[in-house]
Amino acid sequence: MTTMTAAQVRAQTAPIEQVPDPEVPERPRPPRSYPAAYKLGILEEYEQLDKAGKGALLRREGLYTSLISEWRKQRDKGALAAFTAPRGRPPVDPLARENARLQRENARLRDRLERARKVIEVQGELSALLDGLANGSAERDDSEPSS
């Protein structure tokens, strides 16, 4: 069995300082995504250049000819035009919004009015029934002979 000196123990337990290799990223970069306006701009510029200018453009932007081909296909299909439209819900006209609110309120109030009419109708029938019962019992009381 070998014994270690204190310096040897410190040397083995001390944190090892390693300089990370600057060429290797810590995590892989996600694939790049390009906005439709950028794609259209690059396509327009690319198609106006000569061969040397096209290569310079691709190097400057970090692009490949395969991307240019794919973007052309998208443009020809009209896919890029769809992406240039504003995202999200289309803006609602304030008058249309107010109109819809008023229509909902009108429908709610009509429903309430119909229920109130039914309640009044039932109350009228109940009142007539109770009146009939009260008058009928009063007439019976008057017609009975007294002892």
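Details of the structure are given in the entry above.
Predicted, not measured: the structure shown is a model, and the values here were computed from it. (Residues numbered from 1 in each chain as written. Predicted model: local features only at pLDDT ≥ 70, side-chain atom pairs only at ≥ 80, totals over all residues. Heavy atoms only, no water.)

**Looking at the overall build of the protein**
Line of reasoning, step 1. Helix and strand content of the protein: six helices and zero strands.
Line of reasoning, step 2. Taken from N to C terminus, the helices and strands of the protein fall in the order α-α-α-α-α-α.
Line of reasoning, step 3. The buried share among the 147 residues of the protein stands at 10%.
Line of reasoning, step 4. For the protein, long-range pairs separated by at least 24 residues make up 58% of all intrachain contacts whose partners lie at least 6 apart in sequence.
Line of reasoning, step 5. When the accessible surface of the protein is split by element, carbon and sulfur atoms take 55% of a total near 13500 Å². (Helix = DSSP H or I, 4+ residues; strand = E, 2+ residues; numbered from the N terminus. Buried < 20%, exposed > 50% of the residue type's maximum accessible area, 1.4 Å probe, protein only. Contact = heavy atoms within 4.5 Å. Areas by Shrake-Rupley, 256 points an atom, 1.4 Å probe, with all protein chains shown as cover.)

**Points about the nonpolar core**
Inside soluble globular proteins, nonpolar side chains tend to come together where they are buried.
Line of reasoning, step 1. Counting nine residues, the largest nonpolar core is built from Tyr34, Ile42, Leu43, Tyr46, Leu57, Leu58, Leu63, Ile68 and Trp71.
Line of reasoning, step 2. At the level of elements, helix H2 (36-48), helix H3 (51-61) and helix H4 (65-77) are the ones that each hand at least two residues to this core.
Line of reasoning, step 3. Sorting elements by how many residues they give to this core places H2 first, with three residues.
Line of reasoning, step 4. Ignoring anything within four residues of it in the chain, the contact list for Leu57 reads Ile42, Glu45, Tyr46 and Leu49. (Core = buried A, V, L, I, M, F, W, Y, C linked by side-chain atoms within 4.5 Å.)

**Remarks on the packing of H2 against H3**
Line of reasoning, step 1. With their axes 10 Å apart at the nearest point, H2 and H3 run at an angle of 155° to one another. In terms of axis orientation, H2 runs roughly antiparallel to H3. In this structure, H2 uses Tyr38, Ile42, Glu45 and Tyr46 to contact H3, whose residues at the interface are Lys54, Leu57, Leu58, Arg60 and Glu61.
Line of reasoning, step 2. Grouping the constituent residues of the contact of H2 with H3 by class yields five nonpolar, no polar and four charged. (Axes fitted to C-alpha atoms, helices over the stretch in contact; angles between N-to-C directions. Parallel < 35°, antiparallel > 145°, perpendicular 65-115°, else oblique. Nonpolar A, V, L, I, M, F, W, Y, C, P; charged D, E, K, R; others polar.)

**Structural notes on the pattern of salt bridges**
Line of reasoning, step 1. Enumeration over the complete set of coordinates arrives at eight salt bridges.
Line of reasoning, step 2. Of the charged contacts in the structure, one is a salt bridge between Glu47 and Arg72, with a shortest N-O distance of 3.4 Å. Of the two residues, Glu47 is situated in helix H2 and Arg72 in helix H4; the sequence distance between them amounts to 25 residues.
Line of reasoning, step 3. Using a relative accessible area of 29% as the deciding quantity, one classes Arg72 as partly exposed.
Line of reasoning, step 4. A salt bridge links Arg60 to Glu61; the shortest N-O distance between them is 3.2 Å.
Line of reasoning, step 5. Take Arg60: its relative accessible area is 53%, and that puts it in the exposed class.
Line of reasoning, step 6. Through salt bridges with shared partners, a single ionic network connects Glu47, Arg72, Arg75 and Asp76. (Salt bridge = Lys/Arg side-chain N within 4 Å of Asp/Glu carboxyl O.)

**Some thoughts on H3**
Line of reasoning, step 1. Those residues of H3 that sit buried are Gly53, Gly55, Leu57 and Leu58.
Line of reasoning, step 2. Backbone geometry just downstream of H3 places Gly62 in the positive-phi region, at approximately 70°.

**Side note on the environment of Ile68**
Line of reasoning, step 1. Turning to its location among the elements, Ile68 is positioned in helix H4.
Line of reasoning, step 2. Along the primary structure Ile68 and Ile42 are separated by 26 residues, whereas in three dimensions their C-alpha atoms are 8.4 Å apart.
Line of reasoning, step 3. Ignoring anything within four residues of it in the chain, the contact list for Ile68 reads Ile42, Leu43, Tyr46 and Leu58.

**Some remarks on the packing of H2 against H4**
Relative orientation and spacing of two packed helices are given, respectively, by the angle between their axes and the distance between those axes.
Line of reasoning, step 1. Between H2 and H4, the shortest axis-to-axis distance is 10 Å and the interhelical angle comes to 110°. In terms of their interaxial angle, H2 and H4 are classed as roughly perpendicular. Taking contact as the criterion, the partners of Tyr38, Lys39, Leu40, Ile42, Leu43, Tyr46 and Glu47 in H2 are, on H4, Thr65, Ile68, Trp71, Arg72, Gln74 and Arg75.

**Quick look at the side chain of Gln74**
Line of reasoning, step 1. Inspection of the secondary structure assignment puts Gln74 in helix H4.
Line of reasoning, step 2. Given the relative accessible area of 19%, Gln74 is considered buried.
Line of reasoning, step 3. Here the side chain of Gln74 touches Lys39 through a polar contact of 3.2 Å, side chain to side chain. (Polar contact = N/O pair within 3.5 Å; in protein donor to acceptor, adjacent residues only side chain to side chain.)

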